[in-house]
Amino acid sequence: MARKKHTFKAEIQQVLDLVVHSLYSKKEIFLRELISNASDAIDRAQYSALTDKSLLSDDPDWEITIVADKKENTLMISDNGMGMSEDELDKNLGIIASSGTKAFVNALKAEKEVDVPELIGQFGVGFYSAFMVAEQVEVITLRRGKNQQAVKWVSEGTGSYTIEPAAREVPGTTIVLKLREDQKEYLDQWKIRELVKKYSDFIAYPIRFGEDGEPPKDDSEPLNAMTALWKRPKEEVSEQEYNEFYTHLSHDHQSPLKLIHLSVEGVVEFRALLYIPAQAGFDLMLPNQKHGLNLYVRNVLIGSDFEMLLPDYLRFVKGVVDSSDLPLNVSREMLQDDAVVRKIRSSLTGKILNSLTEMMRDEPEKYRNFYVAFGRILKEGLHSDWENSDKLKKLIMFPSAKTEQGYMISLTDYVQAMPQNQSEIYYLIAEDEKTARQSPLLEMLAERGFDVLFLIDPIDQWVAQSLNEFENKKFTAIDKGELQFGDEKDQQDLKEKLQQSSESFKELIDYIKNKLSDDVKEVRLSSRLKGSPACLVADENALSPAMERMMRAMNQEVPRQLRILELNAEHPLIGKLKKLFEADPSDQLLNDYLELIFGQSLLSEGAAVKDPQRFNQILSELMLK
Ligand code: ADP
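Here is what the cut-offs are and how they apply
- Residues numbered from 1 in each chain as written.
- Predicted model: local features only at pLDDT ≥ 70, side-chain atom pairs only at ≥ 80, totals over all residues.
- Heavy atoms only, no water.
- Helix = DSSP H or I, 4+ residues; strand = E, 2+ residues; numbered from the N terminus.
- Rg over C-alpha atoms; globule rule 2.2 N^0.38 Å.
- Contact = heavy atoms within 4.5 Å.
- Areas by Shrake-Rupley, 256 points an atom, 1.4 Å probe, with all protein chains shown as cover.
- Lys, Arg positive; Asp, Glu negative; His and termini not counted.
- Charge placed at Lys NZ, Arg CZ, Asp CG, Glu CD.
- Expected span 1.5 Å × (residues − 1).
- Buried < 20%, exposed > 50% of the residue type's maximum accessible area, 1.4 Å probe, protein only.
- Polar contact = N/O pair within 3.5 Å; in protein donor to acceptor, adjacent residues only side chain to side chain.
- Core = buried A, V, L, I, M, F, W, Y, C linked by side-chain atoms within 4.5 Å.
- Salt bridge = Lys/Arg side-chain N within 4 Å of Asp/Glu carboxyl O.
- 1 Å grid on protein atoms, 1.4 Å probe; cavity = no way out; pocket = protein on both sides within 12 Å on 5 of 7 lines; lining within 4 Å.
- Points joined across faces, edges and corners; volume = space filled by probe spheres on them.
- Pairing = 2+ DSSP bridges.
- Axes fitted to C-alpha atoms, helices over the stretch in contact; angles between N-to-C directions.
- Domains from an automatic or database assignment.
- Buried area = accessible area lost by both parts, 1.4 Å probe.

> It is not clear to me how the overall build of the protein should be interpreted in this structure. Could you clarify?
A tally of helices and strands in the protein yields 21 helices and 22 strands. By the compact-globule yardstick of 25 Å for 625 residues, the protein is too spread out, its C-alpha radius of gyration being 33 Å. Excluding contacts between residues fewer than 6 apart, the proportion of contacts in the protein whose partners are at least 24 apart in sequence is 72%. With an accessible surface of roughly 30,500 Å², the protein has 47% of that area assigned to carbon and sulfur atoms. Computed over 78 positive and 104 negative side-chain charges, the separation of the two mean positions in the protein equals 1 Å.

Listed below in structure tokens is the structure:
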């Protein structure tokens, strides 16, 4: 094998250009990233060796070493982990732009002022941060396993890199950084010690330091404490340590919103360290994105992103689970329906929901932030996790007719504020908050002091189907069926009033039914309206108009749903309609009025009028009268 020159994949070169020219102060994070990669490589070696003992023929003591050489101006970071073959080296560091790399470049394009070091870790392009401090980077690596050839990768971060054979006895990887003139401080032991303490103290393998280009002495103290954070008592772990571990785990540089540190004993024993991020990551909504927790069994990392440790609707939670009740050499597939895993999952789910419930009660502002970021995902649980449905119902929030624009209330708040004579929980599904707020359907309810929840997330269509009841109060869509509200007397009064009016409106209603027979399936007097002349409602079991539009948008066949037109007998416009009708049923003005009123009802629920041109024309003509 000879020396070969390769060109970086375009996206990677873009990342490199940014990194090389970055002027930001926190260049020090390169060390954290390289140590993190070294630690991952050892994790992988350990895990692969569970099924292939031959990988450990050199009987390694796992370790990471950092060697400074002031004469040569180089800093070396070595591990005895998995190493890379020539092919892997080429792919991992040159050709394969991870989804993260692309997202990174897009994020950079979208923002004017970006903090490159902040973004590097987040998008999984950590290795390239080496170029912030080094003018040249060498990677010398030997993959674990039989018949492997050591290889060297060299680049100055400008367009190309070379790969050639190298000499290396021990499996693993060494990164040699030729430091830039102004970055020599990273050759000082105290500086390296400070950075390891700050960013990498929890790394599970010893990190040792050697000076003058010499490997660290065998008896030298590791720079890091090495104890897994989740195994230490809570009181002894500082917030900074918890946060650094979170960054290591999630590549998210913001502090997490909430930490849950658990030690569970009983039928199944495990420890867990869980974090709720402050913001939704860029990949949270992507299909097939990785999620789940890292699983350790007796100190060995079995794997990351174990999705079976949490239900899907908690996929935003990051963290680690450590249990000695699981066998070491099992595959992911086997864990899928393992009884111990199921117990851990159910216990974790309960703890997370409890913790969210506490946050909602004790730190409402924080909970609001959480809910804005992840509420949409949490709500999926209402559909899939019946066991926890009571807890989940208490955690969801909606905007409502009585809350200010942009605010939300919980179901508990809603029920507490219900007037004596309100017996059901009212909701309206709409495409957005503004449309919901303008709905004429709210009028009569508002007059009685009844609040209405607005279900405006696309997922709320499904949420509504799972709600059923809360604290023995039924959920009622205000745009469906014959709405009944208030106590019995209230209902009786309304009924009588409607009956009286119905008689005098009977002929007009028959006339309208006939006129609009293509568009509505029924016409009747309304008990929900106050200030508006008319509205459209649906049958008890019909699809909501928002759902109907959504299904059409997804190219699904939806039979045309005819709605019910309700008229407000007390509205002057309807009164006028009646007068026109009684004077002369063939009057063109009567028809024009009717078309306008029907059009308005469509507009008020966010739909379009059938023939906008004609609608405008009638309006203009009326204005001229
Ligand atoms: P990330 O670590 O987030 O995947 P990086 O850019 O830091 O992204 O690294 C790219 C890939 O290079 C890693 O996923 C890994 O496969 C490989 N790699 C980096 N450092 C090492 C190392 N010390 N030992 C083995 N493989 C490594």
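The rest of the description comes next.
> When you look at helix H20 (residues 588–604) in this model, what are you seeing that I'm missing?
For H20, spanning 17 residues, the distance from its first C-alpha to its last is 25 Å, which sits close to the expected 24 Å at 1.5 Å a residue. Among all positions in H20, only Leu590, Asn591, Asp592, Tyr593, Leu594, Leu596, Ile597, Phe598, Gly599, Ser601 and Leu602 are buried. Contacts made by the buried residues of H20 are with helix H17 (488–515), strand S20 (520–525), strand S21 (534–537), strand S22 (563–567), helix H19 (572–583) and helix H21 (612–624). Where H20 starts, the residue carrying a side-chain oxygen 2.9 Å from the main-chain nitrogen of Leu589 turns out to be Asp587.

> Could you clarify how one ought to interpret the nonpolar core in this entry?
Most often, soluble globular proteins keep nonpolar side chains buried together rather than apart. Within the largest apolar cluster, 83 residues are counted, with the highest numbers of intra-cluster contacts made by Leu348, Leu356, Tyr367, Phe370, Leu378 and Leu453. The element contributing the most residues to this core is helix H9 (residues 339–362), with nine residues. Not counting residues within four places of it along the chain, the set of residues in contact with Leu356 comprises Ile276, Tyr367, Phe370, Leu378 and Leu395. The next biggest cluster of nonpolar side chains, apart from the first, holds 66 residues, and it includes Leu34, Leu179, Ala228 and Leu249.

> Mind showing me how you'd approach the environment of Arg144 here?
Along the polypeptide, Arg144 turns up in the loop between strand S4 (134–142) and strand S5 (151–155). Residue class for Arg144 comes out buried when judged on its relative accessible area of 0%. Each C-alpha atom of the pair Arg144 and Val170 lies 8.7 Å from the other, and the pair is 26 residues apart in sequence. Not counting residues within four places of it along the chain, the set of residues in contact with Arg144 comprises Ala45, Leu55, Leu56, Asp58, Pro60, Trp62, Asn80, Gly81, Met82 and Pro171. Within the local environment of Arg144, its side chain forms a polar contact with the backbone oxygen of Asn80, the two atoms lying 2.7 Å apart.

> I keep staring at the pattern of salt bridges and nothing clicks. Help me out?
Side chains that carry opposite charge are capable of pairing whenever their charged atoms lie near each other. Under the definition given, this model contains 33 salt bridges. As a salt-bridge pair, Asp87 and Lys91 come within 3.0 Å of each other at their nearest N and O atoms. In this pair, Asp87 and Lys91 both sit in helix H3 (residues 86–95), four residues apart, roughly one turn of the helix. On the accessibility criterion, Lys91 (36% relative accessible area) is partly exposed. Between Lys578 and Glu582 there is a salt bridge, and its shortest N-O distance comes to 3.4 Å. Of the two residues, Lys578 and Glu582 both sit in helix H19, four residues apart, roughly one turn of that helix. Residue Lys578 is classed as buried on the basis of its relative accessible area of 16%.

> I would appreciate a short explanation of the layout of surface pockets in the present structure.
Unoccupied space between atoms shows up once a probe the size of one water molecule is rolled over them. Computed from the structure, the second largest pocket encloses a volume of approximately 560 Å³. Surrounding the second largest pocket, 24 residues form its lining, Glu482, Lys495, Leu498, Gln499 and Leu525 being those nearest its centre. Among the secondary structure elements, those contributing two or more residues to the lining of the second largest pocket are H17 and S20. It is H17 that provides the largest number of residues to the lining of the second largest pocket, a total of 12 residues.

> Quick question: what am I supposed to make of the environment of Asp61 here?
Summarising the element assignment, Asp61 is placed in the loop between helix H2 (29–49) and strand S2 (64–69). Exposure remark for Asp61: the relative accessible area of 66% places this residue in the exposed category. As a C-alpha pair, Asp61 and Asn80 span 19 residues in sequence and 8.2 Å in three-dimensional space.

> What exactly am I supposed to notice about the side chain of Ser200 here?
Position of Ser200 relative to the elements: it lies in helix H6 (residues 189–200). A relative accessible area of 2% means that Ser200 is categorised as buried. Setting aside anything within four residues of it in sequence, one finds Ser200 in contact with Arg32, Ile35, Leu195, Ile207 and Asn224.

> Can you help me understand the sheet that holds strand S10 (residues 270–276) in this one?
Adjacent strands of a sheet pair through backbone hydrogen bonds, lying either parallel or antiparallel. The sheet built from five strands is open, its strands ordered S9-S10-S13-S11-S12 with mixed pairing. At either margin of the open sheet sits one strand with a lone partner, and together these are strand S9 (258–264) and strand S12 (300–306). Looking at each pair of strands side by side, their axes are set apart by 10° on average, direction ignored. As defined by bridge partners, strand S11 (residues 293–297) adjoins strand S13 (residues 318–323) across three bridges and the pair is classed as parallel.

> What exactly am I supposed to notice about the domain arrangement of the protein here?
A common way to state how big an interface is: give the accessible area lost once the parts meet. Partitioning the protein into structural domains gives domain 1 (4–210), domain 2 (229–366), domain 3 (381–477) and domain 4 (488–624). Of the residues lining the interface, eight residues belong to domain 2; the matching set on domain 3 comes to 11 residues. Taking both sides of the interface into account, the surface hidden between domain 2 and domain 3 amounts to around 710 Å²; carbon and sulfur atoms contribute 71%. When residues of domain 2 are sorted by the area they lose upon contact with domain 3, Tyr313, Leu353 and Met360 head the list and together hold 67% of the total.

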